[in-house]
Amino acid sequence: MTDVPASHPRYASLRTRDAIVAGVEAGVTSIHGLIAHGRGEAFDYLLGERTRGFAHEAIDAAAAMLATAVRPVVSVNGNAAALVPGELAALAAALDAPVEVNVFHASKERERAIREHLLAHGAREVLMPTGHAVLDHLDSNRRFVHPDGIGAADVVFVPLEDGDRCRALVRSGRRVIVVDLNPMSRTSRTATITIVDDVTRAMPVLLERVAAHRGHAGAARAALGRYDNARVLQAAETAVRTG
Ligand code: ATP
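Quick caveat: nothing in here was measured; it's all calculated off a predicted structure. (Residues numbered from 1 in each chain as written. Predicted model: local features only at pLDDT ≥ 70, side-chain atom pairs only at ≥ 80, totals over all residues. Heavy atoms only, no water.)

## Points about the environment of Val 103
Step number 1: For Val 103, the location among the structural elements is in the loop between β2 (99-101) and α6 (108-120).
Step number 2: C-alpha of Val 103 to C-alpha of Arg 143: the two residues are 40 residues apart in sequence and 9.7 Å apart in space.
Step number 3: Each residue touching Val 103, except ones within four places of it in the same chain, is listed here: Asn 77, Gly 78, Arg 110, Glu 111, Ile 114, Asn 141 and Arg 142. (Helix = DSSP H or I, 4+ residues; strand = E, 2+ residues; numbered from the N terminus. Contact = heavy atoms within 4.5 Å.)

Structural data, given as structure tokens:
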């Protein structure tokens, strides 16, 4: 870890940077992931580097959707694996769902490294993309999915998604929950539920809310019925523009 005291005002941000750099060094994260992270940091700076009310609202709806899903799946790329591997494993365990590896920049070696990394952080079942199931309306490497994972899922939780695949997942009839600090990205605008927050802050809150919604399907569905993603996105965009 960079030699920075915990009292430093940018301590959390610097620790997160270190985690991404360590992910690149371990072969888990693509070097392009550094740029994606930088874009996220810029939005987080504008949002005051805290979980805002609109994010809490989206996290609660996401937890309700995941807790009442029939076949939820946790889809993981190299940045998410570097930043929150234990939390992703814990979410999958709480939902009795598989984790599935899905990366934008094609590399079998990196996909395997992500799988090993997740298993080392407690994931029980980590599925890999296959040639047997493919998402329509998508040309990138991310179209390959596992038939028993994303291929069969009704709800996909994808912490850091790209716009094209988000659209392809939604067009396939799946409900898609994303975490994206940019409320104006194509991903944010296309997802069923958009959590505008840093993934390292959002995950612990999501785990708490999933635990609260489990076993209370009626109340969870009612909460989902009241949720309005367009309004949440508008509130997030206003926060970015006005502070
Ligand atoms: P889109 O294809 O959705 O329009 P993009 O091309 O603008 O997205 P990418 O480069 O694919 O963006 O990915 C970076 C996205 O991930 C940015 O929107 C950024 O805000 C978000 N992001 C990066 N790091 C984090 C993080 N730690 N937590 C939440 N979001 C993040």
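From this point, the narrative continues.
## What to know about the nonpolar core
Step number 1: One finds Val 76, Leu 91, Phe 157, Ile 177, Ile 193, Ile 195 and Leu 206 to be the most contacted residues of the largest nonpolar core, which totals 58 residues.
Step number 2: Take this core: its biggest share by element is 10 residues, from helix α3 (residues 53-67).
Step number 3: Residues contacting Ile 193, with those up to four places away along its chain left out, are Ala 58, Ala 61, Ala 62, Met 65, Val 176, Ile 177, Val 178, Leu 224, Tyr 227 and Asn 229.
Step number 4: By size, the runner-up hydrophobic cluster in this structure holds 15 residues, among which are Ala 133, Leu 135, Cys 166 and Val 176. (Core = buried A, V, L, I, M, F, W, Y, C linked by side-chain atoms within 4.5 Å. Buried < 20%, exposed > 50% of the residue type's maximum accessible area, 1.4 Å probe, protein only.)

## Here's the deal with the site of the ligand
Step number 1: In the neighbourhood of the ligand, 18 residues make up the surrounding shell, with Gly 163, Asp 180, Arg 186, Thr 187 and Val 199 lying closest.
Step number 2: Between the ligand and Gly 163, the relevant distance is 2.9 Å, taken from an oxygen atom to a main-chain nitrogen or oxygen of the residue.
Step number 3: Within the contact set of the ligand, an oxygen atom lies 2.7 Å away from a side-chain nitrogen or oxygen of Asp 180.
Step number 4: Coverage of the ligand by the protein amounts to 85% of the 630 Å² it exposes when considered alone.
Step number 5: When residues in the shell around the ligand are grouped by element, the largest group, 4 residues, is from helix α2 (residues 32-46). (Near = heavy atom within 4 Å. Polar contact = N/O pair within 3.5 Å; in protein donor to acceptor, adjacent residues only side chain to side chain. Areas by Shrake-Rupley, 256 points an atom, 1.4 Å probe, with all protein chains shown as cover.)

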